[in-house]
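So the chains spell out like this:
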Amino acid sequence: MTNDQGAIATLQEELAKLPGIGPKSAERIAHFLLSGDREAAVTLGDALRQVVEKVRPCKECFNLCEGEMCPICRDPRRDAGSICVVETPRDVALFERTGSHRGLYHVLGGRLAPLDGFGPDRLTLSALAQRVRRGGVREVILATSPTLEGDGTALYASNLLAGTGVAITKLARGLPSGSSLELANPQMLADAFDGRRTL
Ligand SMILES: [Zn+2]
C-alpha cells in the first residue's frame, strides 16, 4: 500500500514539474492516467521513452531531430546561404510556422546570462562561427529574444562573426520587449523577420 501511494505521489511530483502544470492539474492528470484501462498511461510512457531515445540535436544546426541531421538541413530546396540564429528548437518551430524564412537555422541552446554563470561556452556559438567560415553563407539573421540577455547574445554573436564578410541582420523591434519569441503571434514574428535590419 505504501508503495502504491509512493508511486502516485512520485508521478504527481514529476507532472507538476512540467511547464504550466500546478499541483492540482498534476493530481487530475495522475488520476486520469490511472483510471479505466490505463491505455493512455502506457501509450504516454512509450512516447516519452521513444522521444528520449530517438531525439538528438542535429549535427549541423542543433535543432532537435531523429537521426544525424534534421529535415530542414537535409532539404535541398532550403537556401543554405541564409542562417537564422535562434535560442531554442521551439523558436525554429515558431519561424517555420510563419513561412518567412526559406534558409537554414542555427540553435544556440539558450542565451548568454553572465550573472548566472551561463557563458559563451555553454552555447553553440563556436559551431556557428565554424559554419559561417566554411563559406557559402551570405546572411546571418540574429533572431534572439527581445530581452537584455537576448540582445547581449546577439551582440556577442555579431562580434564573433565580424570580419567573416557575411551580412549580419537582426529582427526588427515591435516584438513585445522583455519576453520570449513564443509570445509573439505568427504575423508579428513574420513582420519582425521581414523588417530585419543590418547590424
Ligand atoms: Zn539541422
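Refer to the structure printed above.
The numbers attached to residues start from 1 for each chain and follow its sequence in the written order. Under the rules for a predicted model, residues below a pLDDT of 70 receive no local features and side-chain atom pairs below 80 are neither given nor counted, while totals for whole chains, interfaces and linings still include all residues. Processing note: side-chain calculations cover all non-hydrogen atoms of the structure and skip hydrogens and water entirely.

Attention shifts here to the coordination of the zinc ion. Here the zinc ion is held by C58 (SG), C61 (SG), C70 (SG) and C73 (SG), and the distances to it run 2.3 Å. Donor atoms are limited to N, O and S found within 2.8 Å of the metal ion, a distance that becomes 3.2 Å for Na, K and Ca. With water left out, some sites might look partial. In short, tetrahedral needs four donors with all angles between 85 and 135 degrees, square planar needs four and octahedral six donors with opposite donors over 155 degrees apart and all other angles between 65 and 115, and whatever is left is irregular. One can describe the donor arrangement at the zinc ion as tetrahedral, given that its four donor atoms subtend angles of 105 to 118 degrees at the metal.

Turning to the pairing of strand β4 (residues 103–107), a few remarks are in order. Of all five residues in β4, five are buried; the element is thus mostly enclosed. Sheet topology note: the strand β3 (residues 79–86)/β4 ladder contains five bridges and is parallel. Paired with V85 across the two strands is H106, which belongs to β4. For the segment spanning β3, helix α5 (residues 89–98) and β4, crossover handedness is right-handed. Exposure is judged per residue with a 1.4 Å probe applied to protein chains only, and the accessible area is read against the type maximum: over 50% gives exposed, under 20% gives buried, and values in between give partly exposed. Secondary structure follows DSSP: runs of H or I at least 4 residues long count as helices, runs of E at least 2 residues long count as strands, and numbering of each begins at the N terminus. Strands are labelled as partners when DSSP assigns at least two bridges between them. Call a crossover right-handed when, viewed with both strands pointing away from you, the route from the first strand across the helix to the second goes clockwise.

Taken together, the four bridges between strand β5 (residues 139–142) and strand β6 (residues 167–170) define a ladder with parallel strand orientation. Across the sheet, I141 pairs through a bridge with T169, a residue of β6. Tracing the backbone out of β5, into helix α7 (residues 148–161) and back to the parallel element β6 gives a crossover that is right-handed. Note that β6 and strand β7 (residues 197–198) share two bridges and pair antiparallel. The residue of β7 that forms the bridge with T169 is T198.

Attention now goes to the environment of P176. Secondary-structure assignment places P176 in the loop between β6 and α8 (186–194). Taking relative accessible area as the criterion, P176 reaches 30% and is therefore assigned partly exposed. As for P176 and G109, which are separated by 67 residues in sequence, their C-alpha atoms are 21 Å apart. Ignoring sequence-local partners within four residues, the contact set of P176 consists of P146, A184 and M188. We call two residues in contact whenever any of their non-hydrogen atoms come within 4.5 Å of each other.

A word on helix α2 (residues 23–33). Every buried residue of α2 is accounted for by A26, A30 and L33. Within α2, the buried residues cover an arc of 65 degrees as seen down the axis, which keeps them to one side. Exposed and facing more than 90 degrees away from the buried side of α2 are K24, R28 and F32. Throughout, the arc means that of the directions going from the helix axis to the C-beta atoms.

A separate point is the side chain of N63. Within the secondary structure, N63 is located in the loop between β1 (55–57) and β2 (64–66). With residues up to four places along the chain from it excluded, the contact list for N63 reads R56, P57, C58, C70, I72, P89, V92 and V107.

This paragraph deals with the packing of helix α6 (residues 125–133) against α7. As a packed pair, α6 and α7 sit with axes 10 Å apart at the nearest point and diverge in direction by 40 degrees. Classified by the angle their axes make, α6 and α7 are oblique. When you trace α6 past α7, the crossing you get is right-handed. On α7, the residues that touch L125, L128, A129, V132 and R133 of α6 are Y156, A157, L160 and L161. For the contact of α6 with α7, a count of residues per class yields eight nonpolar, no polar and one charged. Axis lines are fitted through C-alpha atoms, for helices just across the contact stretch, and the angle between N-to-C directions can take any value from 0 to 180 degrees. Between 65 and 115 degrees an angle is taken as roughly perpendicular, under 35 as roughly parallel, over 145 as roughly antiparallel, and anywhere else as oblique. Left-handed describes a crossing whose near helix is turned anticlockwise from the far helix through less than a right angle; right-handed describes the clockwise counterpart. Ten residue types, Ala, Val, Leu, Ile, Met, Phe, Trp, Tyr, Cys and Pro, are classed as nonpolar, four, Asp, Glu, Lys and Arg, as charged, and the remainder, Gly among them, as polar.

The next subject is the nonpolar core. Nine residue types can take part in a nonpolar core, namely buried Ala, Val, Leu, Ile, Met, Phe, Trp, Tyr and Cys, and a core is a set of them joined through side-chain atoms within 4.5 Å. Within the largest apolar cluster, 23 residues are counted, with the highest numbers of intra-cluster contacts made by C84, V86, F95 and L171. Elements that contribute at least two residues to this core include exactly α4 (71–74), β3, α5, β4 and α8. The residues contacting V86, other than those within four sequence positions of it, are D91, V92, F95, Y105, H106, V107, L108 and A143. The next biggest cluster of nonpolar side chains, apart from the first, holds 17 residues, and it includes L112, V137, V140 and I168.

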